[in-house]
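Working through the structure, step by step
Residues per chain, in single letters:
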Amino acid sequence: MGFCFPSLSDFTNCTIFLLVSFLVSSITFTSTEAYDPLDPTGNITINWDIKDWTADGYLAMVTLYNYQQYRHIQAPGWSVGWTWAKKEVIWDAKGGQTTEQGDCSKYKGSIPHCCKKDPTVVDFLPGAPYNQQVANCCKGGVISSWAQDPANAVSSFQLSVGAAGTTNKTVRLPKNFTLKAPGPGYTCGPAKIVKPTKFVSPDGRRVTQAMMTWIVTCTYSQFLAQKTPTCCVSLSSFYNTKIVQCPRCTCGCQDNNTNPRSCVDPNSPHLASVVSRPTKSNYAPLVQCTSHMCPVRIHWHVKLNYKEYWRVKVTITNFNYRMNYTQWNTVVQHPNFDNLTQIFSFNYKPLTPYESINDTALLYGVKYYNDLLMQAGPLGNVQSELLFRKDKSTFTFEKGWAFPRRVYFNGDNCVMPPPDAYPYLPNSSSGLHVSLITLLTSLFSSLAFFFAYI
């Protein structure tokens, strides 16, 4: 295309074109943020199975399946909401409870568990009465990711719904489903009727099925979940003394003027009192004062180079004084993971969203050893070393090849330093060039000094 700028009008038109292009690209970026290239099919699916009909409604088992490979739901857990299509009420709930009862004043005798038009259900905490439990309930709303712990990637509760239809033709599907885990970030689609779920008896000898089943699919967007990033990456190597820190103000900036409590000085004599001070939400981050202000930092250090192998040290540091990360995980994308030989003190599972390409690793703690990343402080870090076998056709230390392409922590994309800031491999030819110049300069200086005194 003929580019700018033969005339003032052309300059104006080109400026407008560039501005519109920028706005369109920004909108496009925002709308596609929910798509995760490392987990393209990841979602949370809500199954609503009608198990039986009652006099004025039905008995339903509602199950949340976390099909996300590495994004789990941590404390204080999930909450699910919806809007009834008619004037339904919840007579009883097991395995969970609604957060509000609503106005049930028109009922006498038997009072419903919830009369709200738009109820919200949360999981029971561990230790709930046995007669109020159902399978896969009562974990405080905590759900593991599918790749890390599939047995605990499910959560269920049971509802007895009244003032509803009592046949497949008269039941109306709820609408406007919401999922918080624990905050915003998930967008749920409309309920969709599917083939009834089949249930196999414990002895495997009998199969029953639901009277009716519908599902709701919820997808995650980091853009909707929080306004700022939650983690960052720093880099270093044995072949360069430069340590590339997380970019400044990655997750926010220190605001000593208007909000002096935006972070905590780890050397403050009042540290303990500040950290233990009650707040409206004890899950709101209270971070250590750093240049990047991120709750979590992942450091990738290229440690050693052998003839056939090379070694990396990974350190994950928690700068958040209010959060212990249980069942933490980090996802790293690097082309040499197809030749990972050994990993120390972390669990490893390959992620292959595109099957033939094995360049993505799920790393997480060893149970009862380091699966808990403690709050900020002396114990607020976990670390491991990875040993890779060199592939002679691709291996190099040049142009930042030894550093990861993407890094996630607990499902959120971490901010990488800009590529031009990566530790560079010293250029041997440049070094030789400088040495020759230095040698020649010294030689000519010596000759000049020699001839001056002949």
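In the block above lies the structure referred to throughout.
Here's a quick rundown of the structure. As the structure is a computational prediction, the values presented were derived from the model and not from experiment.

**A closer look at the overall build of the protein chain**
Along the protein chain, the regular secondary structure elements total four helices and 26 strands. Buried positions account for 42% of the 454 residues belonging to the protein chain. Long-range contacts, defined here as pairs at least 24 residues apart, represent 71% of the contacts in the protein chain between residues at least 6 apart. When the accessible surface of the protein chain is split by element, carbon and sulfur atoms take 58% of a total near 25000 Å².

**What to know about the state of the cysteines**
Here the structure, examined in full by the defined rule, presents eight disulfides. Disulfide pairing is shown between cysteine 104 and cysteine 115; the S-S distance is 2.0 Å. Judged by the sign of its S-S torsion, about 115°, the cystine formed by cysteine 104 and cysteine 115 is right-handed. A residue pair is termed long-range when its members are at least 10 positions apart, and cysteine 104 in the loop between β5 (96-98) and β6 (120-123) and cysteine 115 in the loop between β5 and β6 qualify at 11 residues. Owing to a relative accessible area of 16%, cysteine 115 belongs among the buried residues under this scheme.

**Overview of the pairing of strand β22 (residues 360-365)**
Along β22, six of the six residues are buried, which leaves the element largely enclosed by surrounding structure. Taken together, the five bridges between strand β19 (residues 329-333) and β22 define a ladder with antiparallel strand orientation. Its bridge partner being in β22, threonine 330 is matched across the sheet by leucine 363.

**Some points on a nonpolar patch on the surface**
A cluster of nonpolar residues, Tyr35, Tyr354 and Ile357, forms a patch on the protein surface that exposes about 320 Å² of accessible area. Locating tyrosine 35 in the fold gives a position in the loop between α1 (8-31) and β1 (44-53).

**Quick look at the pairing of strand β16 (residues 296-305)**
Where strand β14 (residues 231-237) lies against β16, seven bridges are found, and the strand directions are parallel. Bridge pairing in β16 links cysteine 232 to arginine 297. Two successive antiparallel strands, β16 and strand β17 (residues 309-318), enclose a turn made up of three residues.

**Re the packing of aromatic side chains**
Under the counting rule described, the total for this entry stands at 27 aromatic pairs. Grouping aromatic residues by their ring pairs yields a cluster made of Phe238, Tyr239, Trp310, Phe337, Tyr348, Phe388, Phe395, Phe397 and Trp401. If you follow lysine 51 out to its NZ or CZ, it ends over the ring of phenylalanine 199, 4.6 Å from the centre.

**Side note on the sheet that holds strand β3 (residues 79-83)**
Sheets are built from strands paired through backbone hydrogen bonds, the pairs being either parallel or antiparallel. The four strands lie next to each other as β5-β6-β3-β8, forming an open sheet whose pairing is antiparallel. Each edge of the sheet is formed by a strand with only one pairing partner; in this case those strands are β5 and β8 (175-180). Neighbour-to-neighbour, the strand axes of the sheet open up by a mean angle of 20°, direction not taken into account. Pairing analysis gives three bridges linking β5 to β6, with the strands arranged antiparallel. Within β6, the position partnered with glutamine 97 by the bridge is valine 122.

**Some details on the environment of proline 417**
Residue position: proline 417 is located in the loop between β26 (412-413) and α4 (428-452). Between the alpha carbons of proline 417 and serine 234 there is a distance of 6.9 Å; along the sequence they are 183 residues apart. Those residues in contact with proline 417 that lie beyond four places of it in its chain are Val233, Leu235, Val244, Gln245, Pro247 and Tyr422.

**Some remarks on the sheet that holds β17**
Reading across the sheet, the six strands line up as β15-β14-β16-β17-β24-β20 and stay open at both edges, with mixed pairing between neighbours. Only two strands of the sheet have a single neighbouring strand rather than two, namely β15 (240-244) and β20 (340-344). Sheet twist, expressed as the mean angle between neighbouring strand axes with direction ignored, is 15°.

**Topic: the nonpolar core**
Formed by 37 residues in total, the largest nonpolar core has its most connected members in Trp300, Trp310, Ile316 and Phe409. Of all elements in the fold, only β14, β16, β17, β22, β24 (381-389) and β25 (406-409) reach the threshold of two or more residues within this core. Apart from the residues lying within four places of it in its own chain, the contact partners of phenylalanine 409 are Cys231, Val296, Ile298, Ile316, Tyr325, Trp328, Asn329, Thr330, Leu373 and Cys414.

**Re a positive patch on the surface**
Together, Lys87, Lys106, Lys117 and Lys175 line one region of the surface with positive charge. Look at lysine 87 and you get exposed, because its relative accessible area is 68%.

Cut-offs used in this document
- Residues numbered from 1 in each chain as written.
- Predicted model: local features only at pLDDT ≥ 70, side-chain atom pairs only at ≥ 80, totals over all residues.
- Heavy atoms only, no water.
- Helix = DSSP H or I, 4+ residues; strand = E, 2+ residues; numbered from the N terminus.
- Buried < 20%, exposed > 50% of the residue type's maximum accessible area, 1.4 Å probe, protein only.
- Contact = heavy atoms within 4.5 Å.
- Areas by Shrake-Rupley, 256 points an atom, 1.4 Å probe, with all protein chains shown as cover.
- Disulfide = S-S within 2.5 Å.
- Pairing = 2+ DSSP bridges.
- Patch = residues over 30% accessible without salt bridge, like charges linked within 9 Å, V, L, I, M, F, W, Y side chains within 5 Å.
- Salt bridge = Lys/Arg side-chain N within 4 Å of Asp/Glu carboxyl O.
- Phe/Tyr/Trp six-rings, centres within 6.5 Å; stacked < 30°, edge-to-face > 60°.
- Lys NZ or Arg CZ within 6 Å of the ring centre and 35° of its normal.
- Axes fitted to C-alpha atoms, helices over the stretch in contact; angles between N-to-C directions.
- Core = buried A, V, L, I, M, F, W, Y, C linked by side-chain atoms within 4.5 Å.
- Lys, Arg positive; Asp, Glu negative; His and termini not counted.
- Charge placed at Lys NZ, Arg CZ, Asp CG, Glu CD.

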